[in-house]
Structures are given as C-alpha cells and as structure tokens.
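Results of the structural survey
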Amino acid sequence: QDKYAQGFGLGSVNPDLASERQTASFSVERLTTVLDGGAEHTRVRRAVVEAIERDPVFSRENQYFQTQNERYEAAVRKAVHLQKKMHEMGWREDGPEFIYIYRALAGDVAFLLHRVFMRSISVLGSDEQVAKWIPLATKHQLIGSYAQTELGHGTYLQGLETTAVFDTTTQEFILNTPKISAMKWWPGDMGRSATHTVVFAQLYVHGKCYGVHPFIVQIRSLRDHSLCPGITAGDIGPKMNFEHIDNGYLMLQNVRIPRENMLNKFCEVQPDGTYVRRGSQKINYFTMTTLRVSLLSDEVILPLMKACTIAIRYSAVRRQSKLNPGEEEAKILDYQTQQEKLLPQLAAAYAFHFINNYLHKLFDRGYKEIQERNFSSLPELHASSSGFKAMLSQYCTAGVEICLRACGGHGYSLLSGLPSLYTKILASCIYEGENTILLLQTARFLIKCFAAASAGQPVPQSVTYLAAVKPGKCPAKNKLDFLNPDIYVEAYQHTAIRLLSSTAAKLQDLIQSGVKKHEAWNQCTVQLVQAAKAHCHYITVKNFVETVEKLENKAGIQKIMKHLCDLYALHGIFSNAGLFLHDGYISGAQMDMITASYLDLLGVIRKDAVPLVDAFDFTDKSLNSALGSYDGNVYQRLYEWAQKSPTNQQISPAYEKYLRPLLHNKLSKL
Amino acid sequence: ALVINDPDFQHEDLNFLSRSQRYEQAIRKSSLMVMKLREYGIADPEEIYWFKSFVHRGRPEPLDLHLGMFLPTLLTQATPEQQDRFFMPAWNLEIIGTYAQTEMGHGTHLRGLETTATYDPATQEFILNSPTVTSIKWWPGGLGKTSNHAIVLAQLYTQGQCKGLHAFIVPIRQLGTHEPLPGITVGDIGPKFGYDEMDNGYLKMDNFRIPRENMLMKYAQVEPDGTYVKPLSDKLTYGTMVFIRSLIVGDSARSLSRACTIAIRYSAVRHQSELKPGEPEPQILDYQTQQYKLFPLLATAYAFHFVGAYIKDTYRRISGDINEGDLSELPELHALTAGLKAFTSWTANAGIEECRMACGGHGYSRCSGIPDIYVTFTPSCTYEGENTVMMLQTARFLVKSYNQVAAGQRVSGMVSYLNDLSRQRIQPQHVAARTVSVRINDPVSLVEAYKARAARLVEAAAKNLQAELNHRKSKEDAWNRTSVDLVRASEVHCHYVIVKLFTAKLSEISNAAVRAVMTELCLLYTLYGISKNAGDFMQAGILTDAQITQVNQRVKELLAIIRPNAVALVDSFDFHDTHLGSVLGRYDGNVYENMFEWAKKSPLNKTEVHESFHKHLKPMQAKL
C-alpha cells in the first residue's frame, strides 16, 4: 500500500469537506425527503439503490476503461441480470421501486427501447394487440425497439419516407425503405439486440397516402438471431456517448407483415382496405409527448444535480492561490467567480426539480382524460412537453459543461465523471425532438392562445396570464425589493407577454403587408423561439415561488429554498438584462440593484453549498467520480483509479514496435 | 499532398480504435514523421509545423511536448555545456523529453507547486521529492509511456532556503529497457474526454538524485558550494506564455472554422420539413433559426482569424524589441493575450457545440467529426492558464490603466479610450446621459459603441473595487468581491478589441467583392454582439430601445444577405476532407451514402450476430 494512504485513508472525511457540513443552516435529511416527495419514498429509493449497488454484476467500476464492444456486452448482461434481480427482490413494473431502478443503474443497461416498444403498444395498440404482445415482451421472449427516425428525417415526422402499402389480396402490409435517406437510423437496441421493432411508415391503401402510422415488424429470427428476409440491419458506429447502446440502422425490402400488426387503437385498416379513424391523429405522437416528460428527471435534471455535486464538493477541497497574504491557499469555492459559475446551476437544479413535479401532475391529469377519449388537453400537453423539454435540456447541458470546466484540468479526466455526464446529457437536446423545432411548436401554441386571450376567449390554465396585459414599470426602489417574489415574478411575466405580443404584432404586420403566411412565420422564428423560452422561464420561476410558499417552515428548509429561488430568478434577469431593460420596464438603475442583490446571494448560498448538494443524496457509486465522492479524498482516489487504467497494466506494444527503434536511432528499419 | 498521399501515413478510421490502438498509431506515425523529415531535409519550424499537422491531421500526439516544450526549453534555458550534453541526443530522439509542471493539486497558480529539489553540497546533487499526494506531477503529455526524460519544475532549496521555482532535467526511464529508474514512479493518468492518443502521465519522485549540472542554469545558478545566483529579469518568461497563448487564439479560429465548415455544408445537403405548403422540403440552411445559429459563428471564425494574425504579428514585432532589451510593450501584450485567449477559447468552445447541435442527431455521431473537434479543443479553456484567471489578469491591467488615468497620466495602446473618461468627468452630467450617435450600418461607428461600452464597464468595475477597498482592509478580499465585475470588464474590453481589429482589416482588403462580403460578416459579428448584449448598451445609454429593435432587424436581414455566399465562405477556409475528418462535412456533399459505408465498418458490426447473443440473450430467452 502506498505510504500516502496512511492517515489519509478512505473512510475519514477530508477536513475541508467536513467543515462545510458543520455549518449547514438546515436539515439535509429533511430536504432529501422533500425532494423525494416524502420519507417513505426516500426509504424505498435507498433500499433499491443499495440492492443494486451491492450486486457486483451492476458495478460500473471499470466503465471508463472499456471499449464499445465491452460496454455493449456489459449492458446486455446487466439487462438480463436485472430480470432475475427483480424477481428475487419482488420488484414489479408497477411497484413503487420501479422508477428508482434505472436511476440506480444510471441508465447503463440495455433494452431501454424495449420499454418504449412496450409503452407504444400499450398506448397505441388495441386490447387484442396488448393481450398478444405485452406478455411476450414482459417475458423477454422478444426484444423490442422503436424505429421512427430515418437517416434523412428526424423531428419532422410527416417527412418520413418509409412506406407500408396495404395488399388486400393477402391482407398484408408491404414495408419498404425506398431510398437511402429512408433507412431507419439511430433507434436504440436495434443494431444488435432487437428481434422486433415498431416501425413508423407512410400508410398507403389503394394508392392513397394516409400519413405516418406504427407497425410491428419482426427483424431477427427468434431462433438464431439472424436477420429476417428482406431486412438489413446493423450498428450505426461510435457516438459521443451511449457506447453501451447499439443504436442501429434498418433497411426494409418488400417485408410483408399481417394486417393485425398495425397498431390500431386509434386508426384501423379494415380487410377491404377501408380506413377508419377513432379520435385525433395527433394521438400517434402522444407516446413521444409523454416520453419527453418522463425523460426529464433521469436524463436531464439528475445529471445536472450530479454535476453540481461533483463540482461543488471538489471546489471545497481544491485549494488554489491565496485570497489573503499569509494565509493558506483558499478553497476555490470561496472565489466569487467560482460561485458565480456553480451556484446558479445549483439553484436551477432545484428549480427544475420542482417544475418537473408540476409537469408530472399536468400529465397525470391529461393521461386520464385521454384514456376517456377526451383529447381537449392535448395541445397544452404537447406545447408544455415541447417547451420545457427544450428549455431544460438546453440549460442543463450548458450547466453540466460549466461544472466540467469549473473543475479545471481534472474535470477533463474521464475519472471525474463529468465528461460522461456531459456527452450523455447533450444528446437530450436532440432526441425526442430537436430543441429549436420544439420551441417553435410551443410558440405556435402560444400565438394561438394569445389571439384567443386577446379576443376574450377561454385559454388553458397555464396561459391565462396572457389576458392580463398590464402596462407600467417595475416598482422596486432598492436592492432588497428584488428579493420580493411578487416583484420578480411580475418582471418575468411582463417580459414574456411583451416578447409574445410584439412577435404576434410583427407576424400580423408581415401578413397584412402581403407576405405569405409561411414566409412571415420563417421571418419571425428567431423571435418566436425567444418568446417560447421566456414563457417557460416565467412558469418555472412562478412555480418555484409557489412551491417555496407551500414548503414547511421547519428545519430551515423554507428559508434556504427561498434564497435559491431568489438566486434562480435574479440570475435569469442578470443574464438576460437586455430583455428586461428593453421597453424600460426595468431601468438601468434597477438593473444595478438586481446585480447587487444577485451577487449578495452568492455569498449567502455559498455557506450552504455543500449541504445543498448532499441533500441530493447520491451515493459515491452512482456519482462514479474521483472528484465528487462524499469523503472528499480527491487526490488519493484520482491516483488510485489511474493505476487501474489498462494503459498502466499492460506493457504497451508500441514500445517494442516503435519506441525502441526510435530511441535507438534505427528509424530506417521501420 | 506529400503527406496525404503517402501510404505509410494511412490507417483505419480512428473512431473505431481503442485508446491503446490510437496511442500506437500516433507513435507509429510520429516515428515515421521524424524519419521522413530527416529524409526530405525539412528543418524550418514553419514547414515542420505544417508537415506535422498533416501527419496528425491537427490531432495531439505523444511527441508534442518533446518537440514543442522540451527542445525549445533546452534552447532558451540551458547553458552551452548542457546543450552539448542534451540537445543533440534529444534532437536524434535518443532522449525523449516532456515538460512536467502541473501537479495534481496545483495548476495555474505556479507558486503553489510543492515538488522540491534540495541541494546536497556533499555530493553536488539535487534530491528531488514529491512530498505529498497533491505534489505528484499530473497531466504532462508524453510522460505516461513515451518519455525517458522530463524537465521538472520544483521549488529549489539550498542552504536551508527556498529560492522558488526552477527547472531541472530529470532522467526517468532506463535507456535501453525503458523501465522506470529506482525512486521514480511513472504512469498514465487514465482515459480523458479526448486526447486518446496522448499518454498524459503522472510522476512521483522519492529521494531521486540528479547531478548539480542538471539544473537549467542559463539564468539562475547554484554554485558547487550551494550559493544561489539570481537571474537578471523574470519578465522574460512572459515571452513564451504570450507566444503559446497567441497560438491558442489561432487555434480557436481554426477549430471553429472546421466546425462551421461541417455544419454549413451539411445544412445545405439536409432537407427537412416544409417552408411552403406543397413544395419539396427545403435545405435546412434556408431556415432563419438555422442561419441565426450558424452565420454569427461563421463571422466569429473570421473575426478570430484576423485577431490571431494580429497577435502573431505584434508578438514578432515586440520580440525584436525584447531582444534589444526593450520590454515596454510586453505588459500590455501579455495582458491582452491572456484575455483574448480566454475570450476566443470560450466563444469557440460554445460555438463548436452550437455547430454540432445544428447538425441534429447526426452531429452526435462520431462520423460528423464535430465531437472530435470539441473534445480536442475544449481543454484549451483550461491549459496554459485557466480562463477565469486569464480574464482577471487582463482586468488587473485594465484597473491599473484606469487608475493611471485617474491620477492624471495618459495611457496608450488598446486602452487609450480610458483617457476620454477623465475628460468627461469634468462635466457634471451622469454617465448614462452621454449621447453617442451610433449609425448601425457603419462599422466604424459601431466600434465607437463597443468602445463606450468597454469604458463604462471598466470604469464601473474599477469604482466597485474602490468602494470595496474603502469598506475593508484586505485588498485581496475586495478584489475577490469584485471579480465577477472584473471578468465582465475584461470580456467587454476583448470584445471591443476584436470588433476594432476586424473593422480595421476591411480597409486592407483590395478585392472589392471580397471586401463587400467581409464587410457584411463584420457587420453581422458586430451587430449580433450588440443584440446579444443589448442590456449593456441600453443601460449605458449608448443605444436606445428603438435602435436595439433596428439592430435585431438588421441582423436578420444580414442573415438573408449572407445565405447565398455561406458555402463559399466555408470553402474558403480550404480544409481538405482528410483534415476535416467528417462524413457530414464532405466537400462533395454525398453525406448519406457515406454514412452508411462508415457505419458498416463499426466494431459492433464485425460479425452478423454479436457474441453477446449466444452468451446472454439466448440463455435468458430459454429460461423465461
């Protein structure tokens, strides 16, 4: 054992981190239960995490050293083992433990698309289809995927080129990817694992196109896994992350499937070719809409929380330069510039946790209505899922990168855990809908609602504020006034309305001056995106304020959450000053007050920074970071982990082959 | 073409290789490169640079530190006797060296380094030690597996006193066997975000002895009895830093240009959705939102290109002065390059990501080439001086200049705008009431607007600092409490410098058509910067609400004006396909066919049925 391990051994907490925990102004455990939604949830979550982390099959210890092939194989092994584990532990898909399982595995497991496959059958399939396919899928007698995106088409679904032509004589659909850009590209689990997939294709009956519909297609043999006739499939090659997932390509050449394989809860092709629709066509996209919301917590918000935990703990341990001559080097967390990087990310992580709760409530309500064939809330659900998915994924991606860069050189080491968090989260800006396009969809909804609200018609609850256009100026007189939520919520509301109304007016002007509607829309898209973001930003701030008001005023929780809420709100104004100054709603002098209040808050929250990340309650194994562990023994761990690198365990073939001749000046023999 | 067509330099697509394989390929190519440089008789540094950049296609390689730091340091800091002993063996690669400065616990703040070199007059040796875990040398390139020597920076102790940081030549591996020497622990620091082909290493020394003559003694010296002789000036070390930071500015321009080339070409090939009902899907480059993402970045790439060239020229000019002993311009250049290094690397870093995201899902595939550009470029925000610290260095210079002006002196160079502030102070009116009549289509007038913004924010930061100083006794504490403002001040100063240099460049372009398109890009860069930072301009009373609305409108008009030239503007960067390394950014635009070809080569596709089917899937299906 290395001599440095003595007296510095793992287990004892680095004094630099221990001291941070002694001064917490609130109860960390209490805040954890608030985040979990109650003590019972905390208990269940910890039990699941412990059971998973104790099991060596699920270990992520060597993850950073593995090749793509090794990662894929490990993910398949884990997915298979998980079935056994669930049985052993008595966990069920509909049980309270379920949502914590994938979180504990950090998504590092295969067959995630298998779940999407099942979900789309549950939502879009008829009762008979559900009865036929779901038991097979549950027992893993088949492995499913979800094939929507094509090489040439992504977010714009109407543009998909795969075709499904109904043949009345054989009662079959004939599927084709007629050209290279029509090839399915990207679907997870499809490159190597899947036996079946839900294929989205343009439906043709008697020469008429009915638009995009979902079909269940078998692609690999259930016996020996070889490709079925007419199928070409494989892995799409290395990506920035997701080495463990076999994202795949799929070509279909005259592949025939029975009529019953079209998912037909809402649309059906009858034996004679008659096309019947039940309900809105938009329902086909509902899987995607719910997916967007369900991914926010695990794929978008948790990575930001993890990155904050790593960066803030490390910043309390790392010392660099001197703040005061004669003293020891200061913790980098004491530098204002470091606080200004990290603490707004921390506040945002909390803000997003609460907005995620809000969205889940909205969706639970909407889902029930849709099951009862009431589709009236679909536009609002669609707009909310699009806008918040875009805003949160964009912000969290940037936030994780800020955390990465705030850790200096060591952040760049894979062993910090930050590069993997970053390369993974940044895919969320694109999958399940590219962010810019999603924001424009939200904007379209807002423009419609704005017109309705202006005409005095009823609008969905989340946008009723659009009817309340009030002129005026911000009434704040000093920097403390900006710690009053009424003041800043009003400022956000004002800005959101201003951006939307000025864009709506411009759109109107263009159309009246003779510009075609679609052309006018394209000319306003930059502003429309801005307006959609401002709307989501406003709702997030407002929801944070309302959440804080409802929190128990015990154990210091409400107070610290109020500080974070203030910081989140003021940071948003500080970083988008132009938007708030624009029509003079906030004056130049008031902006200086905001800046002063904002900078004061950094110093206040600094004291609780480490307890605030401790409250996220990540285990060391789930962080998988040499910089962010609970005990703060950063350097020791970094050194030990580096020893495990394969580059240090095997003699490099490069030495004998190239370096030796080079060093001995025998270059000509190479 | 000498390199691109050479079969010896061909190899499998790096994206499909493991880290060990990539390291091996890089070593193989470096060895060959050295041999061919000798064979062709190439010795000019500029030519070597180009040759190298084609062999490694702009990627890092294990000999970078040997060629870029070890040899130059020997040339500048070694005595003639040391050069005799080390330079030729190093030139012939019998000695491969690296430069070991950064430690696990210490980076940008050099005075905090903990490695010690204690002089023992009895044996005339230095005893080198890494006394703590945090003092282990960590990160130096080529240290992990390749080098057999290192220049080590350590705190020098002689006659019981610490004399600060000095450089020592330390052998670390046995010549012949390449095994670490007794007392040396050395290895690779493990996988990183990028730099797969580089063996960044660690180095721990336990009572490791080297002869007295191994301290680099051209400037400071330790005599046999342990007497320490001080160097003449310590400002000289600035020169190397300025030089390396100026290279990073150029690298920011190049990396962003590459990402723009890929994203813009691909956006011309990709069709999506509909603009006009019933018409075929348009090129995504026709969407305003796509133009708004990419064209300001294109303009930025050009702006940074001119800034990089400016710094290089200025550095060359000033180096001449330095050799003649004139150091007067060095502080400003040092301060300016620190800030510009930070400004350009931050902006390019974010811009590369924006380009990647503008390519949608395919940008995320390694075949796009942008992930690779990003991971290779992003550490430049940290190395050679962490960016925030760099910004604060520039701020220190700005505050110093401001205080000089306040004390009645005049300042020169890029900060001369501060001179105007003192004149305005005579008039009693509030700063915000100052009226600058800005013409938004005139680049020269816009430079004035940026200048006014810089003056306002430098003044605000300096005043806030003064207010903090009046409140508390510790200067350092006051500085820390103002540092967010100070970083902002540096940023706007750099932004001003860039706008100014870009605008000044326009008049030097003789070809009218080129000048016209460059003027459009310059306007876009400048107006986009105003639009994004509208708060600053409004708050300082430089522009009114109505003018900001005009600026926003004008930006969108410029997007449409630049659109027809967009592809030509990236073609002008003249990146060869092999250098670009991107399926999406191919010159011929045959994207989809080639993506399919590329994917077929993926390691997961080596067999039709993956072995994990037999190992895991099949048994599971049998059991359930």
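Rules behind the numbers
Residues numbered from 1 in each chain as written. Chains lettered and ligands numbered in written order. Predicted model: local features only at pLDDT ≥ 70, side-chain atom pairs only at ≥ 80, totals over all residues. Heavy atoms only, no water. UniProt positions renumbered as here; feature names shortened; annotations may be inferred. Helix = DSSP H or I, 4+ residues; strand = E, 2+ residues; numbered from the N terminus. Phe/Tyr/Trp six-rings, centres within 6.5 Å; stacked < 30°, edge-to-face > 60°. Buried < 20%, exposed > 50% of the residue type's maximum accessible area, 1.4 Å probe, protein only. Contact = heavy atoms within 4.5 Å. Buried area = accessible area lost by both parts, 1.4 Å probe. Salt bridge = Lys/Arg side-chain N within 4 Å of Asp/Glu carboxyl O. Pairing = 2+ DSSP bridges. Axes fitted to C-alpha atoms, helices over the stretch in contact; angles between N-to-C directions. Parallel < 35°, antiparallel > 145°, perpendicular 65-115°, else oblique. Left-handed = near helix turned anticlockwise from the far one by under 90°. Nonpolar A, V, L, I, M, F, W, Y, C, P; charged D, E, K, R; others polar. pLDDT = per-residue confidence, 0-100. Expected span 1.5 Å × (residues − 1).

1. A word on the UniProt feature "domain: Acyl-CoA oxidase C-terminal" (unreviewed entry) in chain B
On the UniProt side, "domain: Acyl-CoA oxidase C-terminal" (unreviewed entry) is annotated at positions that read residues 443-620 of chain B here. For residues 443-620 of chain B, the helix share is 76%, the strand share is 0%, and the end-to-end C-alpha distance is 69 Å.

2. Regarding the packing of aromatic side chains
Residues and elements named next belong to chain A. Summed over the entire model, instances satisfying the criterion amount to 40 aromatic pairs over all chains. Between the aromatic rings of Phe266 and Phe375, the centroid separation amounts to 6.3 Å while the plane-to-plane angle is 70°, which identifies the pairing as edge-to-face. Here Phe266 is found in the loop between β9 (255-258) and β10 (267-269), whereas its partner Phe375 is found in the loop between α9 (336-371) and α10 (378-406), with 109 residues between them in sequence. For Phe266, a relative accessible area of 4% gives the class buried. Here Phe375 falls in the buried class, since its relative accessible area comes to 19%.

3. Some points on the interface of chain B and chain A
Each side of the interface is counted separately: chain B has 132 residues, and chain A has 135 residues. Contact between chain B and chain A buries roughly 10,900 Å² in total, counting both sides, with carbon and sulfur atoms accounting for 60%. Considering only the surface of chain B that becomes buried against chain A, Phe193, Tyr364 and Leu604 of chain B emerge as the three largest contributors, covering 7% of it. Summed over the shared surface of chain B and chain A, the result is 4 salt bridges.

4. Section: the sheet that holds strand β8 (residues 201-205) of chain B
On the basis of which strands lie adjacent, the open sheet formed by 3 strands has the order β4-β8-β7 (chain B) and antiparallel pairing. Two strands bound the open sheet, and with one partner strand each, they are β4 (137-138) and β7 (184-188) of chain B.

5. Examining the packing of helix α6 (residues 112-124) of chain A against helix α7 (residues 127-138) of chain A
A pair of packed helices can be characterised by two numbers: the angle between their axes and the separation between those axes. Residue and element names in this part refer to chain A. At their nearest, the axes of α6 and α7 sit 9 Å apart, and the two run at 165° to each other. Taken together, the axes of α6 and α7 are roughly antiparallel relative to one another. Handedness of the crossing formed by α6 with α7: left-handed. Of α7, the residues touching α6 (which contributes His114, Phe117, Met118, Ile121 and Ser122) are Gln129, Val130, Trp133, Ile134, Ala137 and Thr138. Residues of the contact of α6 with α7, tallied by class, amount to 7 nonpolar, 4 polar and no charged.

6. Side note on the UniProt feature "domain: Acyl-CoA oxidase/dehydrogenase middle" (unreviewed entry) in chain B
As recorded in UniProt, the feature "domain: Acyl-CoA oxidase/dehydrogenase middle" (unreviewed entry) lies at residues 99-207 of chain B. As a span, residues 99-207 of chain B carries 0% helix and 41% strand, and end to end its C-alpha atoms are 20 Å apart.

7. Topic: the confidence of the model for chain B
Residue and element names in this part refer to chain B. Within chain B, residue pLDDT values average 89, and 94% of them lie at 70 or more. Ignoring residues within four places in sequence, the model shows residues 425-433, a span with pLDDT below 50, making 9 contacts including any to other chains. Note on the complex model: pTM 0.90, ipTM 0.85.

8. Here we look at helix α24 (residues 653-663) of chain A
Given 3.6 residues to a turn, an α-helix orients residues that are three or four positions apart in the same direction. Looking at α24 of chain A, one finds that the buried residues are Ala654, Tyr655, Tyr658, Leu659, Pro661, Leu662 and Leu663 of chain A. Looking at the buried positions of α24 of chain A, the neighbouring elements they touch are α1 (19-40) of chain B.

9. Some remarks on the confidence of the model for chain A
Chain-level statistics for chain A give a pLDDT mean of 92 and a share of 96% at 70 or above. The model gives residues 1-9 of chain A a pLDDT under 50, and that stretch makes 15 contacts with residues more than four places away or in other chains.

10. Quick notes on the UniProt feature "binding site: FAD" (unreviewed entry) in chain A
All names here are of chain A. Here, UniProt's "binding site: FAD" (unreviewed entry) annotation points to Thr149 and Gly188. These residues run over 40 residues, yet every pair of their C-alpha atoms falls within 10.7 Å of each other. Along the chain, the position of Thr149 falls in the loop between β1 (144-147) and β2 (163-167). Take Thr149: its relative accessible area is 27%, and that puts it in the partly exposed class. Those residues within four positions of Thr149 in sequence are excluded, and the remaining contacts are Gly154, Met183, Lys184, Trp185, Trp186 and Pro187. The topology assignment puts Gly188 in the loop between β4 (184-185) and β5 (196-205).

11. Examining unusual backbone geometry
Keep in mind that most residues, glycine aside, have a negative phi and that most peptide bonds are trans. Backbone geometry at Asp617 of chain A places phi at a positive 65°, although glycine is not the residue there. The phi torsion at Leu93 of chain B lies on the positive side, around 65°, for a residue other than glycine. Looking at the element boundaries, Leu93 of chain B is found in the loop between α4 (80-91) and β1 (97-100). Judged by relative accessible area, which is 4%, Leu93 of chain B ranks as buried.

12. A look at the sheet that holds strand β7 (residues 231-235) of chain A
Read across the open sheet, the 3 strands follow the order β4-β8-β7 (chain A); overall the sheet is antiparallel. Every other strand in the sheet has two partners, leaving β4 and β7 of chain A as the edge strands with one partner each. Against the sheet, helix α20 (residues 591-600) of chain B engages β4, β7 and β8 (248-252) of chain A, with an angle of about 120° to β8 of chain A.

13. Let's talk about helix α19 (residues 588-606) of chain A
Helix length check: α19 of chain A (19 residues) gives 27 Å between terminal C-alpha atoms against 27 Å at 1.5 Å per residue, within 8%. Every buried residue of α19 of chain A is listed here: Gln590, Met591, Met593, Ile594, Thr595, Ser597, Tyr598, Leu599, Leu601, Leu602, Ile605 and Arg606 of chain A.

14. Things to note about the environment of Ala79 of chain A
Residues and elements named next belong to chain A. In this structure, Ala79 sits in helix α4 (residues 68-89). Among the residues examined, Ala79 registers a relative accessible area of 3% and is labelled buried. Along the chain, Ala79 and Phe375 lie 296 residues apart, while their C-alpha atoms are 36 Å from each other.

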